[in-house]
Amino acid sequence: MIDLKHEIKRELNQIDPPDLWARIQADAANDADADVVDLTTAAHRRRTPLWLAVAAAIALLALVGALVLLHDDKSLQTTPVTKPDHVDDLVDGGSIAFAADAGGGPALTDKVDYQRVETDPAPMDIYVTRAGEPTRRLVSTAAHERCPAFAPDGDRLAYLSVPETSRGGPDSYPTFPTPSEPFDASLVIMRLDGMAPTGEHELVVPVPLSYGYGVTRNPGYACPQWSPDGQRLAYLAQPVFSPTPSSNVADLRVVTLDGQEQVVSAGTPAAYNSSFTWSPDGETIAYVRTDGVWAAGLDGRRPSLLWHSDRTPGVVSWSSRGELAVSTSPEDPAGQELQIVDVDGGKAALVDSILQAGSPSWSPDGSRLAYGRDDHRIAVSDRDDGSTVLLPSPRVDGISLAISTMGWSADGEHLLVRAWSGSNLAVPVPTGGFELRAVALLALSTEGDVVDVLTPWSWALDWIASGDVTTYPTPSGG
Amino acid sequence: MMRVTEIQGEVEALYRCEGARLWSAVRGYSGDRGIADDAVAEAFAQLLRRGSEVRNPAAWVWTTAFRAAARELQQRRTTVPDPPDGAYDPAMSDWRVLTAVAKLSDRQRAAVVLHYYADRPAAEVAELLGTTTAAVNVHLFRARKHLRDLLGDDL
């Protein structure tokens, strides 16, 4: 009787493996610009002489040393990334900026980095994909950049920069924010020349984040938001250390382009991710507390309760027509609901009760409200006729995809979604074998058809939240 | 921030610890010494370039090496004619079990080598191959059945 395990080991162990270390060093040096495995060329390198291996190893040391220095440089860097699958004119020739895993940069090529299975987001960088151009890394520093936001006129990009020191190290689960030590993130406003960064940081605002769960781990709707006129940014700060989410408090602040700050709501007991939203006229900001939705004016008047709720609110979003959508927090044990709140009467109307976290998104004209359901499908509620359409699961190359809502194109013709192939990431391909599907941003028609795959399929996109994606031209809705 | 020498040192230590076993596993999977050389060298070279960017280097090099070997096998099938039966690798023709393993499908062979040679449980094999534990168990079940057909009741 053959013991399969024993026999396989016995037979394989009879062959002495070669010592490949010198060749590995040479290959690493020679392949410094390559992103994917290429065994065709590797076969030619098999006979690399030892002197070349040593020389290459020295070159590798110099190269990696330079990369380390570059990585430590906190100044703005612009790194071209190779061309994605294809990008067409989704947003009328506009641009999409998104925050993604910096370590996944090489994966943002037209090849999926199959080997990369992530357990936490590495420090994130900001990329931009624009009609007809390769995806580019717009901001890349040692810090954790999230929440890119195009100004309404497209002249500026704001983003949050969270220091790397708030992480636990390359191999550990992120520990940010450091529980015992408050730290400052930065709200950076950068000028753009076209979609190219000018290298000029127009404004850098320190943002204390003593307990930054909502902002750093899953920014959702807690990201900084431009006022409709593009002259102010609203953002959250958490200057007082709070050891637990339940005792978390946040300030809602506004800063003008010349750096004048205003606290519009101080020490607010913050619900879930401290969502907030500008009113269409830019005079008021609505925000969630654990007891409901509040409104703060920029004129200095005291915040007032817009709508009291026994359920914990999650995300609040104001349409350009003045309707206020409020979802229930995913931390509420009774489940999630989506409601439209009458800001004058304080009453609410239920839209749906099967909801994906952080998902309501208004069309630019405020006529439709898209939201993700917890079955990973998207529903679109028409506010004019009261109907709701459940979009079919989109398919790419015959593969059914799960999706979550990211936003609308400026013309209201397309939905921007994050898509992945559900729980079954390994899918059969027509030529035989299997292929792994990662995550990409897609453009959908309002009927649910896939119009375009906007980014390469990449693991680097698996951690992005709705606040990590922005489009220009910027939808004018709330 | 990791220093260059630390990265080099850690990758070399990993290679000294895992390289031989990985090479044998890839050879068992591919049946070809050249593919094993290329795949293992490529995996560690990539690791050296990526440095601290890779959070679980030990698992990563296994996945990368098997992916590289799979790609090369696929490429060879499309560029060169299939070898005649029994000519899979002359050096292996003396080994009864490995010769039988060579007749399995790619996925079955990968599952068998990783499970029986590298002692990886099905869940880990699934992670390395980017598939589900259930799929790996199916591959192993079918592989054993196929091997039993090839090796007779000895198995």
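Residues numbered from 1 in each chain as written. Chains lettered and ligands numbered in written order. Predicted model: local features only at pLDDT ≥ 70, side-chain atom pairs only at ≥ 80, totals over all residues. Heavy atoms only, no water.

1. Looking at the nonpolar core
Phase 1 of the analysis: With 61 residues, the main nonpolar core has Ile8 of chain A together with Phe44 and Phe66 of chain B as its most contacted residues.
Phase 2 of the analysis: With ten residues, the single largest contributor to this core is helix α2 (residues 33-50) of chain B.
Phase 3 of the analysis: Not counting residues within four places of it along the chain, the set of residues in contact with Ile8 of chain A comprises Val97, Leu98, Val101, Val112, Tyr116 and Tyr117 of chain B.
Phase 4 of the analysis: Core analysis: the second largest hydrophobic core is formed by 29 residues, Ala100, Val128, Leu441 and Val469 of chain A among them. (Core = buried A, V, L, I, M, F, W, Y, C linked by side-chain atoms within 4.5 Å. Buried < 20%, exposed > 50% of the residue type's maximum accessible area, 1.4 Å probe, protein only. Helix = DSSP H or I, 4+ residues; strand = E, 2+ residues; numbered from the N terminus. Contact = heavy atoms within 4.5 Å.)

2. Quick notes on the state of the cysteines
All names here are of chain A.
Phase 1 of the analysis: One pass over the full model with this rule turns up one disulfide over all chains.
Phase 2 of the analysis: What pairs with Cys147 in a disulfide is Cys223, and their sulfur atoms sit 2.0 Å apart. The chirality of the disulfide connecting Cys147 with Cys223 is left-handed, given an S-S dihedral of about -60 degrees. Here the residue Cys147 occupies a position in strand β5 (residues 144-150), and Cys223 occupies one in the loop between α5 (213-217) and β9 (225-226), the gap between them amounting to 76 residues. (Disulfide = S-S within 2.5 Å.)

3. A look at the confidence of the model for chain B
Phase 1 of the analysis: The share of residues in chain B with pLDDT of 70 or more is 78%, and the mean pLDDT across the chain is 78.
Phase 2 of the analysis: Across the interfaces of the predicted complex, the ipTM metric reaches 0.85, alongside a pTM of 0.59. (pLDDT = per-residue confidence, 0-100.)

4. A short note on empty space enclosed by the protein
Residues and elements named next belong to chain A.
Phase 1 of the analysis: Per the counting criterion, the structure on display carries three cavities of 30 Å³ or more.
Phase 2 of the analysis: In this model, the largest cavity occupies a volume close to 60 Å³.
Phase 3 of the analysis: Lining of the largest cavity is provided by ten residues; of these, Leu236, Thr268, Ser274, Tyr287 and Val288 occupy positions nearest its centre.
Phase 4 of the analysis: Looking at the lining of the largest cavity, the elements with two or more residues in it are β11 (249-256), β12 (261-269) and β14 (284-289).
Phase 5 of the analysis: Across the lining of the largest cavity, the residue classes break down as six nonpolar, four polar and no charged. (1 Å grid on protein atoms, 1.4 Å probe; cavity = no way out; pocket = protein on both sides within 12 Å on 5 of 7 lines; lining within 4 Å. Points joined across faces, edges and corners; volume = space filled by probe spheres on them. Nonpolar A, V, L, I, M, F, W, Y, C, P; charged D, E, K, R; others polar.)

5. Topic: the sheet that holds strand β28 (residues 414-420) of chain A
Residues and elements named next belong to chain A.
Phase 1 of the analysis: Across the sheet, which stays open at both edges, the four strands sit in the order β27-β28-β31-β32 with antiparallel pairing between neighbours. Each edge of the open sheet is held by one strand with a lone partner, namely β27 (402-408) and β32 (450-453). Between one strand and the next, the sheet's axes are offset by a mean angle of 35 degrees, whatever the strand orientation.
Phase 2 of the analysis: Bridge count for strand β31 (residues 440-445) against β32 is three bridges, and the pairing is antiparallel. Note that in β32 the partner of Leu444 across the bridge is Val450. (Pairing = 2+ DSSP bridges. Axes fitted to C-alpha atoms, helices over the stretch in contact; angles between N-to-C directions.)

6. With respect to the environment of Glu337 of chain A
All names here are of chain A.
Phase 1 of the analysis: Structurally, Glu337 can be placed in the loop between β18 (324-328) and β19 (338-341).
Phase 2 of the analysis: Under the relative-accessibility criterion, Glu337 is labelled partly exposed at 23%.
Phase 3 of the analysis: In this structure, the C-alpha to C-alpha distance between Glu337 and Val351, residues 14 residues apart in sequence, is 7.6 Å.
Phase 4 of the analysis: Of the polar contacts made by the side chain of Glu337, one reaches the side chain of Gln339; its length is 3.5 Å. (Polar contact = N/O pair within 3.5 Å; in protein donor to acceptor, adjacent residues only side chain to side chain.)

7. Let's talk about the sheet that holds β18 of chain A
Residues and elements named next belong to chain A.
Phase 1 of the analysis: Spatial ordering of the open sheet is given by β17-β18-β19-β20, a layout of four strands whose pairing is antiparallel. Here the strands that pair on one side only, and so sit at the sheet edges, are β17 (313-318) and β20 (348-352). When strand polarity is set aside, the average angle formed by the axes of neighbouring strands in this sheet is 25 degrees.

8. What to know about the pattern of salt bridges
Pairing between side chains of opposite charge can happen when the charged atoms of each approach one another.
Phase 1 of the analysis: The final tally for this structure, using the stated rule, is 20 salt bridges over all chains.
Phase 2 of the analysis: In this structure, Arg373 of chain A and Asp352 of chain A form a salt bridge, with 3.8 Å as the shortest nitrogen-oxygen distance. Note that Arg373 of chain A is positioned in the loop between β22 (368-372) and β23 (378-382) and Asp352 of chain A in strand β20, a separation of 21 residues in sequence.
Phase 3 of the analysis: A relative accessible area of 14% means that Asp352 of chain A is categorised as buried.
Phase 4 of the analysis: Between Arg109 of chain B and Asp106 of chain B there is a salt bridge; the shortest N-O distance is 3.0 Å. Highlighted residues: Arg109 of chain B and Asp106 of chain B, both in helix α5 (residues 106-117), separated by three residues, approximately one helical turn.
Phase 5 of the analysis: Each of Lys5 and Lys9 of chain A together with Asp119 of chain B takes part in salt bridges that share partners, so that together they form one network. (Salt bridge = Lys/Arg side-chain N within 4 Å of Asp/Glu carboxyl O.)

9. Notes on the packing of helix α2 (residues 21-30) of chain A against α2 of chain B
Phase 1 of the analysis: Orientation of α2 of chain A relative to α2 of chain B, taken along the N-to-C sense of each, is 55 degrees, at an axis distance of 8 Å. The pairing of α2 of chain A with α2 of chain B is recorded here as oblique in orientation. In the packing of α2 of chain A onto α2 of chain B, the handedness of the crossing is right-handed. Counted together, Trp21, Arg23, Ile24, Gln25, Asp27 and Ala28 of chain A of α2 of chain A and Asp37, Asp38, Ala41, Phe44, Ala45, Leu48 and Arg49 of chain B of α2 of chain B form the full contact between these two elements.
Phase 2 of the analysis: Taken together, the residues of the contact of α2 of chain A with α2 of chain B break down into seven nonpolar, one polar and five charged. (Parallel < 35°, antiparallel > 145°, perpendicular 65-115°, else oblique. Left-handed = near helix turned anticlockwise from the far one by under 90°.)

10. Observations regarding the pairing of strand β6 (residues 156-162) of chain A
All names here are of chain A.
Phase 1 of the analysis: Extensive coverage of β6 is indicated by the burial of seven of its seven residues.
Phase 2 of the analysis: Residues Arg156, Ala158, Leu160 and Val162 point to one face of β6 and Leu157, Tyr159 and Ser161 to the other, with burial holding for every one of them.
Phase 3 of the analysis: Across five bridges, β5 lies against β6 in antiparallel orientation. From the neighbouring strand, Glu145 faces β6, where its bridge partner is Ser161.
Phase 4 of the analysis: Connecting β5 to the antiparallel partner β6 that follows it, the hairpin turn spans five residues, and Gly154 within it adopts a positive phi of roughly 75 degrees.
Phase 5 of the analysis: Two elements, β6 and strand β7 (residues 184-193), share six bridges in a ladder whose sense is antiparallel. Bridging across to β7, Ser161 finds its partner in Ser186.

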